[in-house]
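Structure assessment
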Amino acid sequence: ATLSYARYGKDNVRLYKVQRNEDGTQDVTEMTVCTLLEGDITESWTKADNSGIVATDTQKQTVYIMAKLHPVNPPELFASILGDHFLSTYSHIHVAHVSVTVHRWTRMEVDGKPHPHSFMRDGVETRVVEAVARRSKGITIRSGIKGLLVLKSTGSQFWGFHRDEFTRLPETWDRILSTEVEAGWNWRSFSALDEVKKDVAAFNKAWSDARKITLETFATENSPSVQNTMYLMSEQILAAVPRVESVEYSLPNKHYFEIDLSWYKGLKNTGADAEVYAPQSDPNGLIQCTVTRK
Ligand SMILES: O=c1[nH]c(=O)c2nn[nH]c2[nH]1
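Residues numbered from 1 in each chain as written. Predicted model: local features only at pLDDT ≥ 70, side-chain atom pairs only at ≥ 80, totals over all residues. Heavy atoms only, no water.

Next up on the list: the nonpolar core. Formed by 59 residues in total, the largest nonpolar core has its most connected members in V33, F78, I141, W185, W187 and Y249. Among the elements that take part in this core, helix α3 (residues 75–89) stands out by supplying seven residues, more than any other. What W185 contacts, discounting residues up to four positions off in sequence, is I141, R142, S143, G144, I145, A206, W207, A210, V244, S246 and V247. (Core = buried A, V, L, I, M, F, W, Y, C linked by side-chain atoms within 4.5 Å. Buried < 20%, exposed > 50% of the residue type's maximum accessible area, 1.4 Å probe, protein only. Helix = DSSP H or I, 4+ residues; strand = E, 2+ residues; numbered from the N terminus. Contact = heavy atoms within 4.5 Å.)

This brings us to the packing of aromatic side chains. For the structure shown, the criterion picks out six aromatic pairs. Following the ring pairs from residue to residue traces out a cluster consisting of W187, F190 and F203. Over the face of the ring belonging to W105 we find R121, whose NZ or CZ atom lies 4.2 Å from the ring centre. (Phe/Tyr/Trp six-rings, centres within 6.5 Å; stacked < 30°, edge-to-face > 60°. Lys NZ or Arg CZ within 6 Å of the ring centre and 35° of its normal.)

Right, let's talk about the pairing of strand β8 (residues 177–187) for a bit. Two faces belong to every sheet, and in a regular strand the side chains alternate between them. Counting buried positions along β8 gives nine out of eleven residues, so the element sits mostly inside the fold. Pairing between strand β7 (residues 138–152) and β8: nine bridges, direction antiparallel. In the strand pairing of β8, V150 is matched with T179. (Pairing = 2+ DSSP bridges.)

Along the chain, the position of Y5 falls in the segment before β1 (8–20). For Y5 and Q26, which are 21 residues apart along the polypeptide, the C-alpha to C-alpha distance reads 44 Å. One polar contact links Y5 to R7, side chain to side chain, over a distance of 3.1 Å. (Polar contact = N/O pair within 3.5 Å; in protein donor to acceptor, adjacent residues only side chain to side chain.)

Peptide bonds are mostly trans, and most non-glycine residues show a negative phi. In this model, N73 is joined to P74 through a cis peptide bond whose omega is -15°. Among the structural elements, P74 can be located in the loop between α2 (56–69) and α3. Here the residue pair D282 and P283 is connected by a cis peptide bond, since its omega of -10° sits within 30 degrees of zero. Examined against the element boundaries, P283 turns out to sit in the loop between β11 (277–279) and β12 (285–292). Positioned with a positive phi, N12 is a non-glycine residue whose angle comes to about 60°. Positive phi outside glycine occurs at A48, with the angle close to 55°. On the basis of relative accessibility, which here comes to 64%, the residue A48 falls in the exposed class.

Let's shift gears to the site of the ligand. Around the ligand, the surrounding shell consists of F158, L169, R175, S225, V226, Q227, N253 and I287. Within the side chain of N253, an N or O atom sits 3.3 Å from a nitrogen atom of the ligand. Computed on the free molecule, the ligand has an accessible area of 270 Å², of which 75% lies beneath the protein chains in the complex. Partitioning the shell around the ligand into residue classes produces four nonpolar, three polar and one charged. (Near = heavy atom within 4 Å. Areas by Shrake-Rupley, 256 points an atom, 1.4 Å probe, with all protein chains shown as cover. Nonpolar A, V, L, I, M, F, W, Y, C, P; charged D, E, K, R; others polar.)

What follows concerns the side chain of N269. Topologically, N269 is positioned in the loop between β10 (256–258) and β11. By relative accessible area, N269 is classed as buried at 4%. Within the structure, N269 has its side chain in polar contact with the backbone oxygen of I259 (distance 2.7 Å). Side-chain polar atoms of N269 contact the backbone nitrogen of E275, separated by 2.9 Å.

In terms of residue burial, β7 counts as a mostly covered element, since eleven of its 15 residues are buried. As paired elements, strand β6 (residues 126–134) and β7 share nine bridges and run antiparallel to each other. Within β7, the residue paired with V132 across the bridge is T140. As consecutive antiparallel partners, β6 and β7 are separated by three residues, and within that stretch S136 has a phi angle of approximately 50°, a positive value.

This part takes up the sheet that holds β12. Here we have eight strands laid out as an open sheet, ordered β1-β2-β3-β6-β7-β8-β9-β12, and antiparallel in their pairing. A strand with exactly one partner marks an edge of an open sheet, and here the two such strands are β1 and β12. On average, each strand axis in the sheet is tilted by 15° relative to the strand beside it, whichever way the strands run. Where β8 and strand β9 (residues 244–253) come together, six bridges link them in antiparallel fashion. Residue pairing across strands places A183 opposite Y249, the latter belonging to β9. Contacting β1 and β2 (26–39), α2 crosses the sheet at an angle of about 20° to β1. (Axes fitted to C-alpha atoms, helices over the stretch in contact; angles between N-to-C directions.)

This paragraph deals with a nonpolar patch on the surface. Taken together, the side chains of M108, V110 and M120 present a nonpolar region at the surface, about 220 Å² in accessible area. Note on placement: V110 falls in strand β4 (residues 106–110). (Patch = residues over 30% accessible without salt bridge, like charges linked within 9 Å, V, L, I, M, F, W, Y side chains within 5 Å. Salt bridge = Lys/Arg side-chain N within 4 Å of Asp/Glu carboxyl O.)

Take it as geometry only, folks, not as evidence of what the structure does.
This is the structure:
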């Protein structure tokens with residue numbers, strides 16, 4: 001038998017880091033990290049030879065040490081530092097996959113002023129990064145947003161789609177649109193950690209641009225379909241971030257069904273009279289795309 005795929009590491013390594021600033025304010029970062037290594041370690045699978053294994057616990061300890069010794073923000077930099085560390089420390093490791101999920105701690109406002117050290121979890125939305133460091137091949141980075149729940153009560157249409165004997169869905173020029181945004185953008189690969197450090201300012205700008213573009217396009221577009229709206233978002237992100245080579249979206253269409261209440265004294269609650277709807281947990285539409293530069 002042949003080992004055709006082999007990588008191992010520690011998943012769900014959670015860490016929190018506080019930054020105590022000169023002006024008395026404090027900043028916090030909470031993230032979940034996964035490291036997965038590849039290299040000349042197939043004999044730990046095939047021959048029970050553990051001599052080449054950098055234990056997953058060692059990988060976990062390394063994450064904590066690197067978080068103490070280096071910046072954890074932007075997450076793209078921290079993930080690249082970790083990936084670079086594993087390759088430069090272990091000559092028999094040739095690929096390091098590092099994913100980082102940053103959880104939201106948004107600074108509280110108290111009496112109209114940002115509070116120096118109090119934060120709130122305003123949503124399950126996360127900022128995500130996947131970095132892959134390959135020996136003498138540089139570092140590829142994919143950044144993204146996950147779990148950003150949005151809804152609009154109108155300004156969404158869906159008509160003109162193919163109809164045949166299997167089609168029941170009525171056309172609509174006014175519907176609820178709700179989705180949970182999963183967006184990603186792939187950076188042109190970095191030759192080494194130094195190049196990531198040089199471009200470090202681009203990462204936070206890209207994330208805030210992508211988030212703003214997503215929210216504002218979702219809100220302002222009178223969407224003819226999920227497909228078209230996500231394409232418009234992607235085009236704008238490519239225009240805003242020169243170093244990004246492609247943008248990906250995966251958007252579930254979380255349906256809200258009208259409820260016919262006419263059985264109750266002829267109560268009108270469908271079409272233009274619809275006010276009470278049944279949110280559907282499943283099934284959901286799922287619309288995905290990757291958009292690259294011309
Ligand atoms: O925006 C939409 N795209 C679709 O492909 C689809 N199919 N059913 N409803 C839909 N809404």
